[in-house]
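Inside the fold
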Amino acid sequence: MSAEARMLRRASRADLAGLPADVAPSLLGAELRTIVGGSEVRVRITEVEAYHGHGTGEVADPGSHARMGRTARNATMWGEPGHLYVYLSHGIHSCVNVVCGREGEAGGILLRAGEIISGVETAATRRGATAPLRATALRDLARGPGRFGQAVGLRHPIHDGIDAITGIAQAGASAELWLGAREADVASGPRVGVAGLAGTAAFPWRYWIAGDPTVSPFRWGRGAAEAARVASLTGDVSGAQHPSLSSTDTPGF
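Residues numbered from 1 in each chain as written. Predicted model: local features only at pLDDT ≥ 70, side-chain atom pairs only at ≥ 80, totals over all residues. Heavy atoms only, no water.

**Topic: the packing of aromatic side chains**
If you walk through the whole model with that rule in mind, you get 3 aromatic pairs. Each ring, one from F203 and one from W205, has its centre 5.2 Å from the other, and the planes form 85 degrees; the classification is edge-to-face. An identical accessibility class is assigned to F203 and W205; each is buried. Sitting over the ring of W178, R33 keeps its end group 3.9 Å from the ring centre. The cationic tip of R206 hangs over the ring face of W208; the distance from NZ or CZ to the ring centre is 4.4 Å. (Phe/Tyr/Trp six-rings, centres within 6.5 Å; stacked < 30°, edge-to-face > 60°. Buried < 20%, exposed > 50% of the residue type's maximum accessible area, 1.4 Å probe, protein only. Lys NZ or Arg CZ within 6 Å of the ring centre and 35° of its normal.)

Dropping the structure here:
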């Protein structure tokens, strides 16, 4: 379905001014459009995760890069909403987050997965996928945050802080966020691969379009399954209500 048929509009800073956990579901079905090196890729966002920084919201988020305060690495998270926090994961993967909340309060929404709806050949080349692409290869082009970042062409550190509201170019790239009507069928649960309690249903801040094939598989983070088990034994319902998921599920990268 075209962007026009889905009635998308350019996102504004006001759209992203709330807490990340509140704003995150509104990014499902939205598009991130990037032009890097003259080539455009458009991705329909199907899975996201919210992260709160130190002092943001009523509940401290031990899974956030900004949990201890502002650093050189997470500085973009403390800026005005609508910029993209692009960080390096495992020393390899450039992951893309939409900054949310008031300027001076850290918050971000990780773009975990999406469907490439324009620029498939460019995304495939960046991903090293060989044509002709079978259905599984098409599904997997932006399935997981590392693949997502690679497909859209944004790289740490040169594109960290790029503005997806104005679309102003940075280091040979531009990015725009386009929003539409809220998705009707949204699921939520623990974040993927996050360690300890932060990776359990005490923080059900992962949101995805239910049934969409591009959503990445779940996996427990280090110590998260044990933390969920302990919470269930101690009667802490907030940490015990988690889906029946296998710790052997592969990561989305």
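So that's the structure; there's more coming.
**Some words on the side chain of S26**
Along the chain, S26 falls in the loop between α1 (20-23) and β2 (31-36). In this structure the side chain of S26 is engaged in a polar contact, spanning 2.6 Å, whose partner is the backbone oxygen of V23. Excluding anything up to four places from it in sequence, S26 contacts L179 and R182. (Helix = DSSP H or I, 4+ residues; strand = E, 2+ residues; numbered from the N terminus. Polar contact = N/O pair within 3.5 Å; in protein donor to acceptor, adjacent residues only side chain to side chain. Contact = heavy atoms within 4.5 Å.)

**Quick notes on the nonpolar core**
One finds L27, V48, L84, L111 and L177 to be the most contacted residues of the largest nonpolar core, which totals 42 residues. Sort the elements by how many residues they give to this core and strand β3 (residues 39-52) lands first, with 5 residues. Ignoring any residue separated from it by four or fewer positions in sequence, one finds L177 in contact with R9, R10, A11, L16, L27, A30, E31, I45, V98 and A164. (Core = buried A, V, L, I, M, F, W, Y, C linked by side-chain atoms within 4.5 Å.)

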